[in-house]
Amino acid sequence: MEDIVMTRAAFGTTMAFHIIFATLGVGLPLMILLVELLFWRTKDRDYETMAKRWTKAQAILLGVAIPSGTISGVQLSLLWPGFMEVVGKVISLPFQIEIFAFFLEALFMSIYVYAAHRLSPAMRLLSVFMVLVGATASAILITNVHAFEGTPAGFRISNGEIVDVDPWAAFFNPSFFVTAGHVTVSAYMTGAFAIAGVAAWKLLRSEKGGRVYRYHQKALLLGLIVGGSFSLLTALNGHESAQLLHEYQPEKLAAAEGLFETQAYAPLAIGGFTDRETKEVKYAIEIPWALSFLAANRFDEVVVGLNDYPEELWPPLYIHTLFNGMVGIGSLLIVVGFLGFAWKKLLRRSEFPRWVLWIFVASGPLALLGIEFGWIFACTGRQPWVIYRVMKTVDAATAAAGVSTFFWIFLAVYLFLAIVTLLVFRSYFGRHPLELDPHDQPRERTAE
């Protein structure tokens, strides 16, 4: 049992680290594309400056995402040989296509970084767009393997052998489109709020009304509008995800809400913690009938409770806390996005007060924390299965000794990479401070 825990911990630590860089690597290209479009439309060179500086950040993040992603691929083979056997025979298509998606992203990222000043505005836009397409496709394809784990399709097991393999049925498994939508909109949301958080921090350190202050205001407002819009889309997609759980993984939905008794008009439990002994969610706020509506858009829907399943097949009950954290952060970010838009566009205030800026600063880390909560909830909530109702986690894991040592070594590697990344950011942007035109007067792009 200890070996399984350490095996999961080793791979989980890798993914918890990698997902930060992978998510920002999808979200930032969208923001770069938007400021390129704004520069093309307005000829405001502040937007060109944003594109250049955010591209440097994207390059640094990509430099860390590549090795951490490579490590995760190696760990899959070393730590989960039983699972990789199924992957090799059934669901290898996403991995194969992802190679081309990454090639597309890397190729056009290189063109944009090293040859942007030689390209026409239209070609610059095309380059950034192709980076966005490649990064988004990579995220969708890799996440599709996770979707397959929750809703396996395209094969069956007969006498211990994998038979009747249909790779495309496995690829377009029942949760493919919902999962693809969720990873896309949540990544775009996170990238936007990361920009907003940094811009708000810079505003706190800038002189009010100055040239630099106005530059960061533009970045902040763009981040809040884009982030708020995608956080709303994330919530709508989350509703579809809950309905998918209700249909395909009812134990996971029951554990997420601490529901033990099967019932119609099931309540939604907000907050609190699940008590296994008393089989209740303590200190929660219950909204009557809301869980039934969340599951099927009708209040009289019967939602299956955990008591209908053997206790050894229950997911860990702490996923209720993870689920609440993910939903709570997502809901808060919708409010934050609306607050920024309303303050600037509806109330027409020229500046944000400091207490509001601090809220905006927190939005970036909160968005990343929401991503972590969501990923851990998605994977842990599937336990004890690695492939739902097909293969248990214990049967997929390696039997080799020394996993604990493996875990501590890679934990040290990730801490080292995190420190180096922060130092690189500080060094590069410290040596290349923000340089702006002295006036706001828009100008045409000049040859460089």
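For clarity, every value in this text was computed on a predicted model and none was experimentally measured. (Residues numbered from 1 in each chain as written. Predicted model: local features only at pLDDT ≥ 70, side-chain atom pairs only at ≥ 80, totals over all residues. Heavy atoms only, no water.)

### Here we look at the environment of Trp343
At step 1: By the element assignment, Trp343 lies in helix H11 (residues 319–346).
At step 2: With relative accessibility at 14%, the residue Trp343 sits in the buried group.
At step 3: A sequence separation of 220 residues divides Trp343 from Met123, and the C-alpha atoms of the two residues are 36 Å apart.
At step 4: With sequence-adjacent residues up to four places away left out, Trp343 is seen in contact with Arg348, Arg349, Glu351, Phe352 and Pro353. (Helix = DSSP H or I, 4+ residues; strand = E, 2+ residues; numbered from the N terminus. Buried < 20%, exposed > 50% of the residue type's maximum accessible area, 1.4 Å probe, protein only. Contact = heavy atoms within 4.5 Å.)

### Regarding the packing of aromatic side chains
At step 1: Considering all chains together, one arrives at 24 aromatic pairs under this definition.
At step 2: A ring pair is formed by Phe17 and Phe21, whose centres lie 4.9 Å apart and whose planes are at 50°; its orientation type is tilted. With Phe17 and Phe21 both in helix H1 (residues 2–42) and four residues apart, the pair spans about one turn of that helix. Each of the two residues, Phe17 as well as Phe21, counts as buried. (Phe/Tyr/Trp six-rings, centres within 6.5 Å; stacked < 30°, edge-to-face > 60°.)

### Quick word on the side chain of Glu257
At step 1: Counting through the fold element by element, Glu257 comes out in helix H9 (residues 250–257).
At step 2: Although buried, Glu257 forms no salt bridge, and the nearest oppositely charged side chain, Lys252, lies 13 Å from it.
At step 3: Non-local contacts of Glu257, meaning those with residues more than four positions away in its chain, are made with Leu268, Ala269, Val281, Leu291, His320 and Phe323. (Lys, Arg positive; Asp, Glu negative; His and termini not counted. Salt bridge = Lys/Arg side-chain N within 4 Å of Asp/Glu carboxyl O.)

### A short note on unusual backbone geometry
At step 1: Cis rather than trans, the peptide bond between Gln383 and Pro384 has omega equal to 15°.
At step 2: On the secondary structure map, Pro384 appears in the loop between helix H12 (354–380) and strand S7 (385–387).
At step 3: Backbone geometry places Lys43, a non-glycine residue, at a positive phi of 60°.
At step 4: Of note in this structure, Asp164 is not a glycine but carries a positive phi near 55°.
At step 5: Relative to the helices and strands, Asp164 resides in the loop between strand S2 (161–163) and helix H6 (167–171).
At step 6: Using a relative accessible area of 52% as the deciding quantity, one classes Asp164 as exposed.

### Points about the packing of helix H8 (residues 211–248) against H11
At step 1: Direction vectors running N to C along H8 and H11 enclose 140°, while the axes themselves pass 8 Å from each other. Relative to H11, the element H8 lies oblique. Here H8 and H11 pass one another in a crossing that is left-handed. Facing H8, whose interface residues are Gln217, Leu221, Leu224, Ile225, Gly228, Ser231, Leu232 and Ala235, H11 presents Gly330, Leu333, Ile334, Val336, Gly337, Gly340, Phe341, Lys344 and Lys345.
At step 2: For the contact of H8 with H11, a count of residues per class yields nine nonpolar, six polar and two charged. (Axes fitted to C-alpha atoms, helices over the stretch in contact; angles between N-to-C directions. Parallel < 35°, antiparallel > 145°, perpendicular 65-115°, else oblique. Left-handed = near helix turned anticlockwise from the far one by under 90°. Nonpolar A, V, L, I, M, F, W, Y, C, P; charged D, E, K, R; others polar.)

### Points about the side chain of Thr179
At step 1: Looking at the secondary structure, you find Thr179 in helix H7 (residues 176–204).
At step 2: Once you skip the residues sitting within four places of it in the chain, Thr179 turns out to touch Thr143 and Ala147.

### Some details on the nonpolar core
At step 1: Trp54, Phe193, Leu220, Leu357 and Phe360 are the most contacted members of the largest nonpolar core, which has 61 residues in total.
At step 2: Within the residue set of this core, elements represented by two or more residues are H1, helix H2 (45–79), helix H5 (121–150), H7, H8, H11, H12 and helix H14 (403–431).
At step 3: With 14 residues, the top contributor of residues to this core is H7.
At step 4: Residue contacts for Phe193: discarding those within four places in its chain leaves Gly223, Leu224, Gly227, Gly228, Ser231, Leu333, Val336, Gly337, Ser363, Gly364 and Ala367. (Core = buried A, V, L, I, M, F, W, Y, C linked by side-chain atoms within 4.5 Å.)

### Let's talk about the layout of surface pockets
At step 1: Approximately 1,400 Å³ is the volume attributed to the second largest pocket.
At step 2: If you trace the second largest pocket, you find 36 residues lining it, with Ala57, Ala194, Val198, Phe425 and Phe429 closest to the centre.
At step 3: For the lining of the second largest pocket, the secondary-structure elements that each account for two or more residues are H1, H2, H7, H8, H12 and H14.
At step 4: Counted by class, the lining of the second largest pocket contains 27 nonpolar, five polar and four charged residues. (1 Å grid on protein atoms, 1.4 Å probe; cavity = no way out; pocket = protein on both sides within 12 Å on 5 of 7 lines; lining within 4 Å. Points joined across faces, edges and corners; volume = space filled by probe spheres on them.)

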